[in-house]
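Residues per chain, in single letters:
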2 protein chains.
Amino acid sequence: MASKAPPIDKRRQILDAAIRVFARQGFHSTRVSDIADEAGVAYGLVYHYFKSKDEVLNELFSARWSLLLTAIEETDREGASPRAKLEAVAGFIVDSYRHDPELMKVIIVEVTRAANSFGRTHLAEIRRAYDSIAKIVADGQSAGAFRGDIDPTFVSMSFYGAIEQLLSGWIFEVIPASDTDFDQARSLVVATICDGLEPR
Amino acid sequence: MASKAPPIDKRRQILDAAIRVFARQGFHSTRVSDIADEAGVAYGLVYHYFKSKDEVLNELFSARWSLLLTAIEETDREGASPRAKLEAVAGFIVDSYRHDPELMKVIIVEVTRAANSFGRTHLAEIRRAYDSIAKIVADGQSAGAFRGDIDPTFVSMSFYGAIEQLLSGWIFEVIPASDTDFDQARSLVVATICDGLEPR
DNA sequence: AAACCGATTGACTGGTCAGTCAGCCAGCGA
DNA sequence: TCGCTGGCTGACTGACCAGTCAATCGGTTT
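As the structure is a prediction and not an experimental result, all values here were calculated from the model. Numbering of residues starts from 1 in every chain and runs along the sequence as written. To label them, take the chains in the order written and letter them from A, then take the ligands in the order written and number them from 1. Residue-level local features of this predicted model are given only where pLDDT is at least 70; pairs of side-chain atoms are given and counted only at 80 or more, and the full residue set underlies all totals for whole chains, interfaces and linings.

> Would you explain the protein's contact with DNA strand D in this entry?
Of all residues adjacent to DNA strand D, which total 17 residues, the nearest are Arg-31, Gly-44 and Ser-52 of chain A together with Ala-42 and Gly-44 of chain B. The helix and strand labels rest on DSSP assignments: H or I over at least four residues marks a helix, E over at least two residues marks a strand, and numbering proceeds from the N terminus. Listed by contribution, the elements that provide at least two residues to the surface near DNA strand D are helix H3 (43–49) of chain A together with helix H1 (5–25) and helix H3 (43–49) of chain B. Looking at the surface near DNA strand D, the element that brings in the most residues is H3 of chain B, giving 4 residues. Residues are grouped as follows: Ala, Val, Leu, Ile, Met, Phe, Trp, Tyr, Cys and Pro are nonpolar; Asp, Glu, Lys and Arg are charged; every other residue, Gly included, is polar. Broken down by class, the residue content of the surface near DNA strand D amounts to 9 nonpolar, 5 polar and 3 charged. Nearness is defined per residue: the C-beta atom, placed using the backbone, must lie within 6 Å of the molecule or strand.

As C-alpha cells, this is what we get:
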C-alpha cells in the first residue's frame, strides 16, 4: 500500500530542481517559477512544501553541511595521525564536489562565500567546521606532531580557504577538473600545510 | 582658477559614500537612494556620473584591483627571492585591508567571492592576479628555490585562497583583527606555503 | 454515494526599486 | 542685463517577482 509515497516524492523533486536551477543561474536570478518549471510542478506547490524561496536554499545547505560536520568530527574521533585527519577532511570536501558538483557549487557560491546574505544566517554552522579543523591542528600541536608557534585558528582558516578556492577554481573553470586533479589537489593542500607545520 | 573642481568632487563623494553603504548593507540590499543620501546628493546625480548602480561597483573594484595587479607585477620585476616576492604579495593584500577595510570588504564580498554576479564580469582581471602569483611560483621552481613537483596553478590558488579566507575572517569578525594579527597572518601564510614548497 | 481532506493548481496582488526626464539654478560670457 | 550651459534635483513610471488564495482534483472514510 505504501500510502504516504507521493508527498516525499514531490518535495524531493523540488529540491533537486532547485539545485539544478540555482547552480545554473544563481540564487538571486532564479525566480520561484523557474524552480517549479524545472521540477514539472505548479508554482504554488513550492509554497506548499517550503515557507519561502530562502527556505529551499537553507534546507539544501543545512542538509549537506551537517554531513560534512559529522564527517569531520567522526574523522577526528577515529584517532589517526593529525596529518591523516587533515587529509581525510580535505578528501571529504573534494569528494563532496566530485559526487555532486552542482550542489557543492550552490553551497559554496550562495552560502559559504555569500557572507553578507546566507552566510550570515548559517555563520554558526560554518564556524563549527573551522573550529573542528582548528581542534585537529591544536591536538596535533599538543602531541608534538605540529610545531606549536602557529595559531591553530589561522591554520584552520588557511587550510579551509585553500580548499574552497580550489573548488571555486573548478566550479568556474579557472583550473581543470579531472579525477587526477581532484586527487592531486587533496594531497597538495595537505602536503603544503603540513610540511609547513611539521617540526623541522 | 582651477575651474574644474566641482565635477570631480561630487563624483568622488558618491564613490566614497557607495563604499560605506555597500560595506554596511551589501550591494544587493542597498538602494541607489541610500548611496545618494549617504553622499548628501540628489538621487538623479548618481545617474549623472554613472550609467547604472552596477557601474559604481565596477569602478570601485577596477580602480583598486588594478593597483593590486600593478603591485604584484612590480614586485615580481624587482627580482628578490621567490619567497620574498610571495611575502610582498601577501603583505600588499593585507595592507590593502588594513588601510581601507571597507573598500576591501566590498571588493572581496561583492566581486571576488561573488563569482556568479560581478565575479563573472571581472573574471579576467581576477585571473590575472592568480596568473601573476603562479608565475612567481613557476620561476621559483625553475630557479630551484621551490620544488618542481607541484603545479604552480594549484599553489597560486591555495595561496590566494588562504589569504582571502583570513581577510574574510577579519571582515566578519570570525577571527580577531589587530595590527599584530595582520603581521602574523602575512608571515603565517608565506611560511606555511613556502616551508611546504621549498626543497627539503 | 456523500462528506471529507490533503495535495495540487495558477491567476492575481502588493510592494519594491532601477532608471528616466522635465525642469531648476548658479555662474559666466556677451 | 540677458541668455546659455551643464551640474543638479527628485517625483514618477514601468518592470519584475515573492508570496497569497480560492478553486479543483483524486483518493479515502463513513
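Structure shown, so let's carry the discussion forward.
> What is the right way to look at the interface of chain B and chain A in this model?
Note on contacts: residues are paired as contacts if their backbone-placed C-beta atoms lie within 7 Å. Counting residues at the interface gives 34 residues for chain B and 34 residues for chain A. Elements represented by at least two residues in the side of chain B that touches chain A include exactly helix H8 (123–142), helix H9 (152–171) and helix H10 (179–197) of chain B. Examining the composition of the side of chain B that touches chain A, we find that 12 residues originate from one element, H9 of chain B, more than from any other. Its residues assigned to classes, the side of chain B that touches chain A comprises 18 nonpolar, 12 polar and 4 charged.

> I keep staring at the environment of Asp-16 of chain B and nothing clicks. Help me out?
In this fold, Asp-16 of chain B is placed in helix H1. For the pair formed by Asp-16 of chain B and Ala-39 of chain B, sequence separation is 23 residues and the distance between their alpha carbons is 7.7 Å.

> Whenever I open this one, the protein's contact with DNA strand C confuses me. Can you help?
Around DNA strand C sit 16 residues, and of these Ala-42 and Gly-44 of chain A together with Arg-31, Tyr-47 and Ser-52 of chain B come closest. Element by element, the count of residues in the surface near DNA strand C is highest for H3 of chain A, at 4 residues. Here the surface near DNA strand C is composed, by residue class, of 9 nonpolar, 4 polar and 3 charged.

> Can you walk me through the relation of the copies chain B and chain A in this structure?
Least squares is the method for superposing the copies, and the C-alpha atoms it fits come from residues with pLDDT of at least 70 in both. Between chain B and chain A, which share one sequence, the superposing operator has a rotation angle of 180° and an axial displacement of 0.0 Å; the RMSD is 0.0 Å. A rotation of that kind, with that shift, is consistent with a two-fold axis. Looking at chain B, 100% of its interface residues are interface residues in chain A too, so the copies touch through the same face.

> What should I look at first to understand the environment of Leu-60 of chain A in this one?
Relative to the assigned elements, Leu-60 of chain A resides in helix H4 (residues 53–77). Not counting residues within four places of it along the chain, the set of residues in contact with Leu-60 of chain A comprises Leu-15, Ala-18, Ile-19, Leu-103 and Val-106 of chain A.

> How do you make sense of the packing of H8 of chain B against H9 of chain B when you look at a structure like this?
Between two packed helices, what matters for the description is the angle formed by their axes and the separation of those axes. Residue and element names in this part refer to chain B. Packing of H8 against H9 leaves a shortest axis separation of 8 Å and a crossing angle of 125°. Viewed along their axes, H8 and H9 adopt a mutual orientation that is oblique. As for the relative orientation of H8 and H9, their crossing is right-handed in sense. In contact with Ala-129, Tyr-130, Ile-133, Ala-134, Val-137, Ala-138 and Gln-141 of H8, H9 contributes Pro-152, Thr-153, Val-155, Ser-156, Met-157, Phe-159 and Tyr-160. In the contact of H8 with H9, the residues fall into 11 nonpolar, 3 polar and no charged. Simply put, an axis is a line fit to the C-alpha atoms, just over the touching stretch for a helix, and the angle between two N-to-C directions goes from 0 to 180 degrees. For classification, angles of less than 35 degrees are called roughly parallel, those exceeding 145 degrees roughly antiparallel, those between 65 and 115 degrees roughly perpendicular, and all remaining angles oblique. For any helix crossing, the convention is left-handed if the near helix is rotated counterclockwise from the far helix by under a right angle, and right-handed if that rotation is clockwise.

> Teacher, can you tell me more about helix H2 (residues 32–39) of chain B here?
The α-helix winds at 3.6 residues per turn, so residues separated by three or four positions along the chain end up facing the same way. All names here are of chain B. Counting other C-beta atoms within 10 Å of its own, a residue is labelled buried from 20 upward, exposed at 12 or fewer, and partly exposed in the gap between, with every C-beta atom placed from the backbone. Among the residues of H2, those classed as buried are Ile-35, Ala-36 and Ala-39. Buried positions in H2, seen along its axis, are confined to an arc of 95° and lie on one side of it. Where H2 ends, the next residue or the one after it, Gly-40, has phi of about 65°, a positive value. Here the arc refers to the directions that run from the helix axis out to each C-beta atom.

> What's the story with helix H5 (residues 82–99) of chain A in this structure? I'm lost.
For H5 of chain A, with 18 residues, the first-to-last C-alpha span of 25 Å sits near the 26 Å given by 1.5 Å per residue. Taken residue by residue, H5 of chain A has Pro-82, Lys-85, Leu-86, Ala-88, Val-89, Ala-90, Ile-93, Val-94, Ser-96 and Tyr-97 of chain A as its buried positions. The span expected for a helix works out to 1.5 Å for each residue beyond the first.

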